[in-house]
Amino acid sequence: MRSISQTHTKSGGLDVFRLIAAVIIIAIHTSPLESFNQDADFFLTRILSRIAVPFFFMVTGQFVVSDIIRKKTGHGRKTLTGGKDISDSRNISKLTAYIKKIALIYAAAIIIYIPIGIYAGHYNNLSVAKVLKMLIFDGTFYHLWYFSACIIGCILIFTLSRFMSLTAMTAVFAVLYIIGLFGDSYFGVIKNIPAIETVYDWLFNIFSYTRNGLFFAPFFLLMGVWMRRLHLRLRHKACVSGFIISLCAMTAEGFALHLNHMQRHDSMYFMLIPTMFFLYQLLLQWRLTQKPAFRPLSAAVYVIHPAVIIAVRAVAKPLHLSPILVENSLVHFLAVTMLSFLTAFLFVYFISGSSNPLKRGKIKPPRNTASPAVHMPTDDGRTRAWIELDRAALAKNVYFLQSLIPNGELMPAVKADAYGHGAVIISKELNKLGINSFCVACADEAVELRKNGIKGDILILGYTSPHDFYLLRRYNLIQTVVDYEYACRLNQYGKPIRVHLGIDTGMHRLGIRSEDTDEILKFFSLSENSASGFKNLKTEGIFTHLSADDSLYPAQQAFTANQVLELKKLIDTLKSYEIDIPKVHLLSSYGLLNYPQLAGDYARVGIALYGVLSSKDDTELWQDSLTPVLSLKARISSVRTLHKGECAGYSMAFTAHREMKISALTIGYADGLPRNLSNGGGYVLINGKRAPIIGLICMDQTIVDVSAIEDVKAGDIAVIIGKSGDMTIKAAELAENSGTITNELLSRLGKRLKRIAV
Ligand SMILES: *Cc1c(COP(=O)(O)O)cnc(C)c1O
């Protein structure tokens, strides 16, 4: 139902494009079409290929910078209830972790290229100023500027974000980009203005090009942040046309500048911005599953390819192959591409083979400050795989959510087995906490609660077949009126039935449309006390469901406001006809968190009650107020050695490239562990350490790599969701990594799992 972060969960398209971008960068440095047509080559390498580097910046923006800049009310994902700042220290540690990683790659690359740089005479007449210029801006070898640009861009954004909104920063970086443009492909314009040219000449003492961490990187890094925050859903066709038109315009721009000898360099164009915007949107819509292995591979190709170019030239000469391997630009390009990928692949393969926790860069060990109540497992040593429910956390969440509606009542949504937690066990607990109203999706769910002694009102939110109307009376349930015709059928049952009237204010799923006042008036004037018509319907409530309350961006906010207005108008109309207004409700979890002031008589809270939210971002934003209720655990059934070259699991999907220690776990996809976390897609925690999932997840079992964990033995516990030692895996992270939202992940947890309240 929720779709907050779906635009970036299935980011496989981005992963694939990383490889394409790496090939494009090789093209820039090898000019594949040079032997054939100068103009075609100019288009390919000086215009089209300019999309590659901004693409990498945008990816960094989306996945890294988004997390390191401060989120506060007024920009970004805000909350009307006074947005909470994610703690600064946390942002800083994410920033330093990222910078450390990039600095390490940069340092390694610098070392690789030192001999080549010396040979090429790059390091003649070194001075301190020249070294700093190279290290900070130009790169010590010509493509390495990218890494320092990433670092500078991130630091700049992080710093400015302390006292500027995202919009203001965007404006600042747009100005910097324009300044950069005039030092790059628009330099010809500056040349005609001597005063300004002096300034640029002076600038070029500090750096050789403006396509660097100051003028170029920050804008695209921020564009990546916007891509994540906007949750835009442009139509595919609009993106394709937008991309083609922008690219054509950029081509015209590039050739016009080129032919008029305006360009000092050719990395920056005005039209590069819309081109990147549409391209990135297209890639986000390319919904493949993530390909984490492509990330280090593309980075390695980027670092290695200039060395490969030199190697190809060096080897071709003595072998007398230069005429075809070097002088034919296309063959040269293809040879360099193939060799670069081969080298990069071997490099990544050996690096990742020696340090298994790095295989998946995506999942970071969370620094969880708000630790939930002490978590003592009631492990009897026998249960195969189980869900542990933290009663204290549930109580805390109920208390917090109730505090948001002082004049209303919580009506917890315990549908879908209480989002996988176990409807009976959770509802019993809620009864104890004083909760007296529940909502479920269907009659069978309601009957199950009643058979297990759950007290209070139970509202069925969905459709119940006329064959089952007898259940409504037998178990004292409340049925939603899903439309006018359905009201007639309910009434025809002939005996009194308790109902809430559903109103469709924009979700267009269930309910009478709010503008159909005739039908609604008829419904009310005919029900209950009237002699004819709907005399069997006992109308106790009227409600609507908000469809965009999870986002506070202007369009969604306006949409929500309109839904609320529709409901209010309707109620005013009913009042004007002197109809007694029954209980009114409209908020679910996100509605309650974002718009508590709208609370009616009930809030139908689901996901938030369980201490999580649909996306990782939202869960983090509210983690001080909401505590996860569920942990998922499984037992280790066997530990064994896997020799180098042997495969583990089905289909030979995993091969050991070194001697390993592996374990089988008593949980599989039938228990709700998403199968697309197979083979490096996820990990579990054992003794507070990560054990990466290897091979394909089976129906009932999963194999994990425990090489790095001492003392693992059969019978031990593996944590799939929850805490182990100092480490935590959040349900929202697991959901994001498997390409879905927390709601789906949790509600699919299998029947076979035992539910244990602790
Ligand atoms: C599922 C559902 C809810 C609960 O939604 P959450 O986002 O999980 O709080 C509320 N109202 C209706 C109509 C629902 O279908």
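Preceding this paragraph is the structure being described.
Model, not experiment: these values are computed from the prediction. (Residues numbered from 1 in each chain as written. Predicted model: local features only at pLDDT ≥ 70, side-chain atom pairs only at ≥ 80, totals over all residues. Heavy atoms only, no water.)

A.B. asks: Any chance you could explain the site of the ligand here in plain terms?
C.D. replies: Near the ligand lie 14 residues; those nearest to it are Lys415, Tyr419, Ser589, Gly606 and Ile607. One nitrogen or oxygen atom from the side chain of arginine 509 is found 3.4 Å from an oxygen atom belonging to the ligand. Within the backbone of isoleucine 607, an N or O atom sits 2.8 Å from an oxygen atom of the ligand. Relative to its unbound accessible surface of 390 Å², the ligand loses 95% to contact with the protein. (Near = heavy atom within 4 Å. Polar contact = N/O pair within 3.5 Å; in protein donor to acceptor, adjacent residues only side chain to side chain. Areas by Shrake-Rupley, 256 points an atom, 1.4 Å probe, with all protein chains shown as cover.)

A.B. asks: Can you help me understand the pairing of strand β14 (residues 660–665) in this one?
C.D. replies: Within a regular strand, the side chains alternate between the two sheet faces. Most of β14 sits inside the fold, with five of its six residues counted as buried. Of the pairings in the sheet, the one linking strand β11 (residues 630–642) to β14 comprises six bridges and is antiparallel in character. Looking at the pairing, arginine 640 lines up with isoleucine 662 of β14. When β14 meets strand β17 (residues 702–705), the two strands line up antiparallel, connected through four bridges. (Buried < 20%, exposed > 50% of the residue type's maximum accessible area, 1.4 Å probe, protein only. Helix = DSSP H or I, 4+ residues; strand = E, 2+ residues; numbered from the N terminus. Pairing = 2+ DSSP bridges.)

A.B. asks: Hey, could you run me through a nonpolar patch on the surface in this one?
C.D. replies: Where nonpolar side chains cluster on the molecular surface, the patch consists of Leu126, Val128, Val131, Leu132, Leu135 and Ile136 and spans about 480 Å² of accessible area. Of note, leucine 135 is situated in helix α6 (residues 128–138). Owing to a relative accessible area of 32%, leucine 135 belongs among the partly exposed residues under this scheme. (Patch = residues over 30% accessible without salt bridge, like charges linked within 9 Å, V, L, I, M, F, W, Y side chains within 5 Å. Salt bridge = Lys/Arg side-chain N within 4 Å of Asp/Glu carboxyl O.)

A.B. asks: Explanation requested: unusual backbone geometry in the structure shown.
C.D. replies: In terms of backbone geometry, most residues other than glycine have negative phi values and most peptide bonds are trans. Its identity is not glycine, yet asparagine 125 carries a phi of approximately 50°, on the positive side. Tracing the backbone through its elements, the reader meets asparagine 125 in the loop between α5 (88–119) and α6. A relative accessible area of 73% means that asparagine 125 is categorised as exposed. Positioned with a positive phi, alanine 418 is a non-glycine residue whose angle comes to about 50°.

A.B. asks: Please explain the pattern of salt bridges as it appears in this structure.
C.D. replies: Two side chains carrying opposite charge are able to pair once their charged atoms lie near each other. One pass over the full model with this rule turns up 22 salt bridges. Note that glutamate 540 and lysine 538 form a salt bridge whose closest N and O atoms lie 3.4 Å from each other. As a salt-bridge pair, aspartate 705 and arginine 658 come within 3.4 Å of each other at their nearest N and O atoms. With aspartate 705 in strand β17 and arginine 658 in the loop between β13 (654–655) and β14, this pair connects stretches of sequence that are 47 residues apart. A relative accessible area of 2% means that aspartate 705 is categorised as buried. What emerges from the salt-bridge pattern is a single network uniting Arg384, Asp671, Asp700 and Arg752.

A.B. asks: Is there a simple way to think about the environment of methionine 338 in this case?
C.D. replies: Of note, methionine 338 is situated in helix α16 (residues 329–354). On the accessibility criterion, methionine 338 (61% relative accessible area) is exposed. Along the chain, methionine 338 and serine 185 lie 153 residues apart, while their C-alpha atoms are 31 Å from each other.

A.B. asks: So what exactly am I meant to see when it comes to the packing of aromatic side chains here?
C.D. replies: Each aromatic ring pair is described using two quantities: the centre-to-centre distance and the angle formed by the ring planes. This model, assessed by the stated rule, comprises 40 aromatic pairs. Geometrically, the ring pair formed by tyrosine 463 and tyrosine 486 is tilted, given 5.3 Å between the ring centres and 45° between the ring planes. Of this pair, tyrosine 463 sits in the loop between β4 (457–460) and α21 (469–474) while tyrosine 486 sits in helix α22 (residues 484–492), placing them 23 residues apart in sequence. The partly exposed category is assigned to tyrosine 463, whose relative accessible area is 47%. You can call tyrosine 486 buried: its relative accessible area is 3%. Between phenylalanine 523 and phenylalanine 524, the aromatic rings sit 5.4 Å apart at their centres with planes inclined by 85°, giving edge-to-face as the arrangement. Taken individually, phenylalanine 523 and phenylalanine 524 each receive the classification buried, so the pair is uniform in this respect. Between arginine 690 and the ring centre of tyrosine 683, over which it is positioned, the NZ or CZ distance is 4.4 Å. (Phe/Tyr/Trp six-rings, centres within 6.5 Å; stacked < 30°, edge-to-face > 60°. Lys NZ or Arg CZ within 6 Å of the ring centre and 35° of its normal.)

A.B. asks: Sorry if this is basic, but what is going on with the packing of helix α3 (residues 38–47) against helix α12 (residues 236–259) here?
C.D. replies: For any two helices packed against each other, the geometry comes down to the angle between their axes and how far apart the axes lie. Between α3 and α12, the least distance of the axes is 11 Å, while the angle of their chain directions is 115°. For the element pair α3 / α12, the angle class is roughly perpendicular. Considering how the two elements wind past one another, α3 and α12 form a crossing that is right-handed. Between α3 and α12, the residues in contact are Asp39, Phe42, Phe43 and Ile47 and Met250, Thr251, Gly254, Phe255 and His258, respectively. (Axes fitted to C-alpha atoms, helices over the stretch in contact; angles between N-to-C directions. Parallel < 35°, antiparallel > 145°, perpendicular 65-115°, else oblique. Left-handed = near helix turned anticlockwise from the far one by under 90°. Contact = heavy atoms within 4.5 Å.)

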